[in-house]
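Below are the chains, spelled out letter by letter.
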Amino acid sequence: MRNNTTLTKSHSRACLAGLMVICSASAGADSWTEASGLLGAAGIDPNASKFMTDHNLKVGGWLNTSIGANMNSNSDGFNGPVTFNDRTGELQMNQLYLYLQKAINVNGDSFDIGGRVDVMYGTDAAFTQAYGSFGLDPGDAVTSSDRGNWDLNLSGHGERFYGLALPQAYAEFNLPFGNGIAVKAGHFYTPIGYEVVTAPDNFFITKPYTMQYGEPFTHTGILATYAYNPNWTVMGGAVTGSNSGGWDGNWDRDLGNWAWLGGVTWTSDDAGTSLAITSTAGDRSENSNDTWAIYSIVGKHNFTDKLHYIIQHDHGFANNIWTASAAPNGTATQDAEWYGINQYLIYDVNDKVSAGVRAEWFRDHNGIRVYGPGRCYAAAGNEGANFACGGNYLASNFQEASGYYAVTAGMSYKPAKWLNLRPNVRYDFTDNAKAFDNGTRHNQFLVTADVVITF
């Protein structure tokens, strides 16, 4: 196991070094800096071929790798419950990401069919697999790990931190009614919340508690989207495949339990202000009609062409969840909720440099959402053993009510459109749980940097 991990790290270092040599040698040419992808900059963009253009196909991807330092004592190598960039003093190849897409033409005149498949390899894979939740149904033992079999075991568990994920695989249709209805059917990313899995689409490296512990990552089901006019867009559908109300659902469990997924977005005439409300709600599983639900509100406003503000509020609910001392027969239960507010302020210095700050408060009101390290929960897999952390994953659950606070400052530097360098500093603290340094501290300070190279 150690040799495999060392080999993977060596490959990621060599890959990054080679790409950075290309970048530095070519940065002076406008054709290199203005191309949207590295392959296009090199004049070998496969999307420019006749076959791809004739069939409206696009292949793309990126490499995201990072390194960070925990400035506080860190006995287990993890950054507490902070995820994705969750290791200190180690180079992580977070995402080697590829996708193939046939986009649809959304219109009211003709039917169209397309779809998309995404594949990710790296240390982020464990957080984006359709692992659902377990140990939540009446009669289940708290160590039950029947999580389904979509992408949990694609790469095996020979490496402690690296894995393979299929976060999206869906067909897409345009139904020619009104302005056109876009329908996804399959496995796809959630529309809930502000920050996303895909590395090029976030400003900051590290992820907020809200995203990791308060929201779903993916769904399995059907989702329809309709743009009524330039100001109003609505979406609605149904999701299935998990025992957490359709969060991170698989194809082979709880398929009889369907939950609502949808929302509405308003955008101003000048597109400088928007408000999105999304939610998912339903029974927890086929064996339980207890509620599992969340809503998310995301507001965006451009104070100027350069200064951007985002605010997000999430609130989640789950009924009759086991407490830390609950017996496997389910005699001890409680309702649970989690909620928080994130705020972002981003300033574009010029077309290459932006600076930003994020402030977060997340409340795990009943101590059932935040795990530390988060990888210890995600890596439990279907075998019951924890291949990333060892032992029983429940030992990493703080199992106590606590507020989690984080302030992150960072910048984005794009010397070329396909190259993004993002240094971050982040300070975390809690008001109750000792969430850091292997469960011994209430706070920590992180310094992290990453690079995103788009193909």
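Just so it is clear, the model here is predicted, and its values are computed rather than measured.

A. Geometry of a nonpolar patch on the surface. Taken together, the side chains of Met71, Val425, Tyr427, Phe429, Phe445 and Val447 make up a nonpolar region of the molecular surface, amounting to roughly 470 Å² of accessible area. For the nonpolar patch, the secondary structure elements donating two or more residues are strand 15 (419-430) and strand 16 (443-454). With three residues, strand 15 is the largest single contributor of residues to the nonpolar patch. Take Met71: it is sitting in the loop between strand 1 (57-70) and strand 2 (92-102). For Met71, a relative accessible area of 52% corresponds to the exposed category.

B. Region of interest: the side chain of Ser288. Examined against the element boundaries, Ser288 turns out to sit in strand 10 (residues 288-302). Residue Ser288 is classed as buried on the basis of its relative accessible area, which comes to 6%.

C. Looking closely at the pattern of salt bridges. As enumerated under the stated definition, the model contains 11 salt bridges in all. Taking the shortest distance from any N to any O, the salt bridge between Lys50 and Asp54 comes out at 2.6 Å. Placement of the pair is Lys50 and Asp54 together in helix 4 (residues 50-54), with a separation of four residues, close to one helical turn. Residue Asp54 is classed as partly exposed on the basis of its relative accessible area, which comes to 48%.

D. How the structure looks around the nonpolar core. Core analysis: the largest hydrophobic core is formed by 47 residues, its most contacted members being Val197, Tyr209, Trp338, Phe362 and Tyr404. In this structure, Trp32, Ala35, Ala41 and Val451 belong to the second largest nonpolar core, which totals nine residues.

E. Structural view of the pairing of strand 2. Sheet analysis places strand 1 next to strand 2, joined by 10 bridges and oriented antiparallel. From the neighbouring strand, Leu63 faces strand 2, where its bridge partner is Leu96. Alignment of strand 2 against strand 3 (residues 112-122), held across seven bridges, turns out to be antiparallel. Paired with Lys102 across the strands is Gly115, a residue of strand 3.

F. Region of interest: the environment of Asn302. Examined against the element boundaries, Asn302 turns out to sit in strand 10. On the accessibility criterion, Asn302 (34% relative accessible area) is partly exposed. Asn302 sits 30 residues away from Gly272 along the chain, and the two C-alpha atoms are 5.2 Å apart. Leaving out residues up to four positions away in the same chain, Asn302 has contacts with Ala271, Gly272, Leu307 and His308.

G. Here's a closer look at the packing of aromatic side chains. What the rule picks out here adds up to 20 aromatic pairs. Pairing Tyr209 with Tyr213 gives two aromatic rings, centres 6.4 Å apart and planes at 25°, and the pair type is stacked. One end of the pair, Tyr209, and the other, Tyr213, are both in helix 6 (residues 209-214), four residues apart, so they sit about a helical turn from each other. Residue Tyr209 is classed as buried on the basis of its relative accessible area, which comes to 1%. Arranged with centres 6.2 Å apart and planes meeting at 85°, the rings of Trp247 and Trp338 form a pair that is edge-to-face.

H. Region of the structure containing the environment of Asn443. One can find Asn443 in strand 16. We classify Asn443 as partly exposed; its relative accessible area is 23%. Taking C-alpha positions, Asn443 is 9.4 Å from Gly80, a pair spaced 363 residues apart along the chain. A polar contact of 3.1 Å, which involves the side chain of Asn443, links it to the side chain of Tyr427. Within the structure, Asn443 has its side chain in polar contact with the side chain of Arg441 (distance 3.1 Å).

Definitions and cut-offs
- Residues numbered from 1 in each chain as written.
- Predicted model: local features only at pLDDT ≥ 70, side-chain atom pairs only at ≥ 80, totals over all residues.
- Heavy atoms only, no water.
- Patch = residues over 30% accessible without salt bridge, like charges linked within 9 Å, V, L, I, M, F, W, Y side chains within 5 Å.
- Areas by Shrake-Rupley, 256 points an atom, 1.4 Å probe, with all protein chains shown as cover.
- Salt bridge = Lys/Arg side-chain N within 4 Å of Asp/Glu carboxyl O.
- Helix = DSSP H or I, 4+ residues; strand = E, 2+ residues; numbered from the N terminus.
- Buried < 20%, exposed > 50% of the residue type's maximum accessible area, 1.4 Å probe, protein only.
- Core = buried A, V, L, I, M, F, W, Y, C linked by side-chain atoms within 4.5 Å.
- Pairing = 2+ DSSP bridges.
- Contact = heavy atoms within 4.5 Å.
- Phe/Tyr/Trp six-rings, centres within 6.5 Å; stacked < 30°, edge-to-face > 60°.
- Polar contact = N/O pair within 3.5 Å; in protein donor to acceptor, adjacent residues only side chain to side chain.

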